[in-house]
Amino acid sequence: MARKIQAIRGMNDILPDQSSVWLYLEKTVADVVKSYGYQQIRFPIVENTDLFKRGVGETTDIVEKEMYTFDDRNGESLTLRPEGTASCVRAADQAGLLFNQTQRLWYTGPMFRYERPQKGRYRQFHQIGVESFGMGSADIDAELIILSARLWKKLGLLEHVELQLNTIGLASERETYKAALVDYLTEFKDQLDEDSQRRLGTNPLRILDSKDESTQAVLKDAPNLEDFIGEESQAHFELLQAILKANGISYVINRRLVRGLDYYGKTVFEWVTSHLGSQATVCAGGRYDGLVEQLGGKSTPAVGFAMGIERLVLLLETLNLIPDAAKFSTDVFVISMGDDAELASFVLAESLREENSNLIVLRHCGGGSFKNQMKKADRSEARFTIILGQDEVDNGICQVKDMSTGDQQSHPLADVAAYIGAKL
Ligand code: ATP
Ligand code: MG
């Protein structure tokens, strides 16, 4: 036998027994974002490498070591998108959607990062992203957070996630802070972990969220970003908090939250859970007023977030929060004996679907003995099996077997859809 080819490490198949949870989550998100007036945008999975280098930032983990980059056949450097924001900006700006107008957009799809695969962390993973453009005031930051809270509420997750908030100020404020931080940390360079030593020269803010104990000890007496935040950023942060409070959204301020991507400024936030080990963040975002311009567009305020579908699915499964209605289960299995009955069974199955579009109706294909067909009906775990033979066709009826009780009754063909609809 030929050797079987396996999937690529860290890139998962979503099998039929998992896909219903995905569909449930995606449908719930689609409904919630639509109710806030967000429209879907779709863009390619592959972009010019420069888009992410410039958009995400040369010194970020993503660009430094996580991208799937390759040369096209004509020598152009392309990259499988590691996140959606840069592509969303590219697409919206290219279509002229960002000029003198506001936009509320969302997207979903696979992202690619060369990371060490583990629970909740994969090389192909999926995000749902929500982005808004053209609005600079903190009310839109609040709207996005309130929208995400509504989603958690719908999914039954609200009490299992915590909102962490911070402000990282304006670029100029961060530059002053970075210089002070580097000054301080350089004195203790040999006490920092290897990654942090390297980041001292490239992306010093990221040192703040180092997990290393010795680094964290050094950071205890480091200058605080908070002390470098100017009036405008502070007022923005306060308005955001006032709106959240007025809407009953609880949060904690995490002064160490800086986010890994270069484009953020002012508001940053994460929704974290204690149920998923170290892959704790299920949703993360913030304001990125500089990005559109950085990518060649006209200066446009923007704020958005992205959530990780795999982590949310894991969380829903761990907490047993998948409603029965979202699970795939066959309602009716239709079997028939004989040519006339086979034809009639098609008509009957169609009438069931026509009457109630939520019903899952499985019509047995391929004939076979009555016993065999009944076995398949059993295995399908359908609530009802409908049986049609020549006698039934001649009399315009069918047998309806309730699989949970074993009861079998005959019903006129014309009434059966209504009967089943009422029972389910
Ligand atoms: P982390 O700190 O966990 O690496 P991140 O800051 O790199 O996350 P973002 O780029 O902000 O993540 O992406 C937003 C969300 O996408 C994350 O909060 C997470 O839920 C999800 N996510 C990011 N990377 C992965 C991955 N490799 N596998 C699965 N989900 C991911
Ligand atoms: Mg990461």
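Residues numbered from 1 in each chain as written. Chains lettered and ligands numbered in written order. Predicted model: local features only at pLDDT ≥ 70, side-chain atom pairs only at ≥ 80, totals over all residues. Heavy atoms only, no water.

By the element assignment, Ala 171 lies in helix H6 (residues 171–187). Between the alpha carbons of Ala 171 and Lys 266 there is a distance of 8.8 Å; along the sequence they are 95 residues apart. (Helix = DSSP H or I, 4+ residues; strand = E, 2+ residues; numbered from the N terminus.)

Below, the discussion takes up the site of ligand 1. Taken together, 16 residues form the shell around ligand 1, and within it Arg 113, Glu 115, Arg 121, Gln 127 and Arg 259 come nearest. With respect to ligand 1, the backbone of Tyr 122 contributes an N or O atom lying 2.9 Å from a nitrogen atom. About the coverage of ligand 1: the protein hides 86% of its 590 Å² of free accessible area. Looking at the shell around ligand 1 element by element, the count peaks at four residues for strand S10 (residues 281–287). The residue makeup of the shell around ligand 1, split by class, is seven nonpolar, four polar and five charged. (Near = heavy atom within 4 Å. Polar contact = N/O pair within 3.5 Å; in protein donor to acceptor, adjacent residues only side chain to side chain. Areas by Shrake-Rupley, 256 points an atom, 1.4 Å probe, with all protein chains shown as cover. Nonpolar A, V, L, I, M, F, W, Y, C, P; charged D, E, K, R; others polar.)

Following the sequence through the fold, Glu 310 ends up in helix H11 (residues 309–318). It turns out Glu 310 is buried and unbridged, and the closest side chain with the opposite charge, Arg 311, is 7.5 Å from it. (Buried < 20%, exposed > 50% of the residue type's maximum accessible area, 1.4 Å probe, protein only. Lys, Arg positive; Asp, Glu negative; His and termini not counted. Salt bridge = Lys/Arg side-chain N within 4 Å of Asp/Glu carboxyl O.)

Take the pairing of strand S12 (residues 332–336) next. Among the five residues that make up S12, five are buried, leaving the element largely enclosed by the rest of the structure. Side-chain alternation along S12 places Val 332, Val 334 and Ser 336 on one buried face and Phe 333 and Ile 335 on a second face that is also buried. With three bridges connecting them, S12 and strand S13 (residues 361–363) associate as parallel partners. Paired with Val 334 across the strands is Arg 363, a residue of S13. In this fold, the crossover linking S12 to S13 by way of helix H12 (residues 339–355) has right-handed handedness. Judged from the five bridges that link them, S12 and strand S14 (residues 384–388) form a sheet pairing that is parallel. The residue bridging Val 332 from the neighbouring strand is Phe 384, located in S14. (Pairing = 2+ DSSP bridges. Right-handed = clockwise from strand over helix to strand, strands pointing away.)

One can read the domain layout of the protein as domain 1 (16–169 + 229–318) and domain 2 (329–423). A C-alpha centroid distance of 47 Å is found between domain 1 and domain 2. (Domains from an automatic or database assignment.)

Right, let's talk about the pattern of salt bridges for a bit. The tally for this structure, following the rule as stated, stands at 19 salt bridges. With a shortest N-O distance of 3.4 Å, Arg 255 and Glu 226 are connected by a salt bridge. Here Glu 226 lies in the loop between helix H8 (213–219) and helix H9 (231–246) and Arg 255 lies in the loop between strand S8 (252–253) and strand S9 (267–272), a separation of 29 residues in the sequence. A relative accessible area of 30% places Arg 255 in the partly exposed class.

Before going further, it helps to spend a moment on helix H1 (residues 16–35). An ideal rise of 1.5 Å per residue puts 28 Å on 20 residues; H1 measures up with 29 Å between its terminal C-alpha atoms. Listed in full, the buried residues belonging to H1 are Ser 20, Val 21, Trp 22, Tyr 24, Leu 25, Thr 28, Val 29, Val 32 and Val 33. At its buried positions, H1 is contacted by strand S5 (103–112), strand S6 (124–133), helix H5 (138–155), strand S11 (302–308) and H11. At the C-terminal side of H1, Gly 37 shows a positive phi close to 85°. (Expected span 1.5 Å × (residues − 1). Contact = heavy atoms within 4.5 Å.)

The subject of this paragraph is a negative patch on the surface. On the surface, Asp 339, Asp 340, Asp 391 and Asp 394 cluster together into a negatively charged patch. At the level of secondary structure, the elements contributing two or more residues to the negative patch comprise H12 and helix H14 (390–395). Looking at the secondary structure, you find Asp 394 in helix H14. Classification of Asp 394 as exposed rests on a relative accessible area of 56%. (Patch = residues over 30% accessible without salt bridge, like charges linked within 9 Å, V, L, I, M, F, W, Y side chains within 5 Å. Charge placed at Lys NZ, Arg CZ, Asp CG, Glu CD.)

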